[in-house]
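# Chain and residue survey
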Amino acid sequence: MVALFSAASFSAELVRSEVKVVSAYATNGSHWGSMVALDGEHLAGATRNFQGKTNYVEVFRRSGNRWSSEAVFGFAGTNVVEAIDLSGDRLVVGIDLPGEVRVYERGEAGWVLADTVEFAEGRGARASLHAGVLAVLMGSREQKGGGTFIYELEGGEWQQRFATNRSGAVIDTDGETVVVGTYGDCFD
């Protein structure tokens, strides 16, 4: 379940509404809603299952005060969902193994897989998307493939613009600025 709060200001007296968004696919122990992303009229929620269980991401669209399911994407086996983010009509899903980021786009036919950015040596992809900038934080497998990677959408293709072997725990982007959070003091 995901709880949404709407307000002109977030003081307790001014909160106008609370809406619960529940996935029809949620099962006991699926941890649906443990990852969420919100952009305008779209909300995405993901499960956080392990040990070969199916993970999924569900996208909802708001109409007034109601949220309706628009799409569901399943990820079986080792394809553990690590992160999700929304920006306009794009959804990114970071996958653990194989280390990759899947980019979905919403068009007239609904939400479809538009691209996959693969990291052969990486694992645990965390991704953030803002407009045409995709920031990816990749963990390493056998001390290879980890780091921070920045892509820009150019001519319908994601072009790598920056890479460093510095890694961390979380990533977010707001266009020209990318922030990476770490546990402790792991940067030199």
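All of the points below concern the structure found in this document.

### A word on the packing of aromatic side chains
On inspection of all chains with the given rule, the structure shows four aromatic pairs. Among the aromatic residues, ring-to-ring pairing joins F119, F149 and Y151 into one connected group.

### Details of the side chain of S128
Note on placement: S128 falls in strand β11 (residues 122-130). You can call S128 buried: its relative accessible area is 1%. Within the local environment of S128, its side chain forms a polar contact with the side chain of D85, the two groups lying 3.2 Å apart. In this structure the side chain of S128 is engaged in a polar contact, spanning 2.9 Å, whose partner is the backbone nitrogen of T173. Excluding residues that lie within four positions of it along the chain, S128 makes contacts with D85, V133, L134, A135, I171, D172 and T173.

### Structural notes on the pattern of salt bridges
Any two side chains of opposite charge can pair, on the condition that their charged atoms come close. In this structure the tally under the stated criterion is ten salt bridges. Here R61 makes a salt bridge to E70, at a shortest N to O gap of 3.6 Å. According to the relative accessible area criterion, E70 is partly exposed, its value standing at 30%. Linked through salt bridges whose partners overlap, the residues forming this network are E41, R61, E70, D89 and R106.

### Brief notes about the nonpolar core
If you look at the biggest cluster of nonpolar residues, it comprises 17 residues, and the most contacted ones within it are V57, V81, I84, L91 and V93. Of all the elements in the fold, those that place two or more residues in this core are β3 (35-39), β4 (42-46), β5 (55-63), β6 (66-75), β7 (81-87) and β8 (90-95). Contacts of V57, omitting those with residues within four sequence positions, involve A44, G45, A46, A71, V72, F73, F75, V81, I84, L91 and V93.

The rules behind these values
- Residues numbered from 1 in each chain as written.
- Predicted model: local features only at pLDDT ≥ 70, side-chain atom pairs only at ≥ 80, totals over all residues.
- Heavy atoms only, no water.
- Phe/Tyr/Trp six-rings, centres within 6.5 Å; stacked < 30°, edge-to-face > 60°.
- Helix = DSSP H or I, 4+ residues; strand = E, 2+ residues; numbered from the N terminus.
- Buried < 20%, exposed > 50% of the residue type's maximum accessible area, 1.4 Å probe, protein only.
- Polar contact = N/O pair within 3.5 Å; in protein donor to acceptor, adjacent residues only side chain to side chain.
- Contact = heavy atoms within 4.5 Å.
- Salt bridge = Lys/Arg side-chain N within 4 Å of Asp/Glu carboxyl O.
- Core = buried A, V, L, I, M, F, W, Y, C linked by side-chain atoms within 4.5 Å.

By themselves, these figures tell us nothing about what the structure is for.
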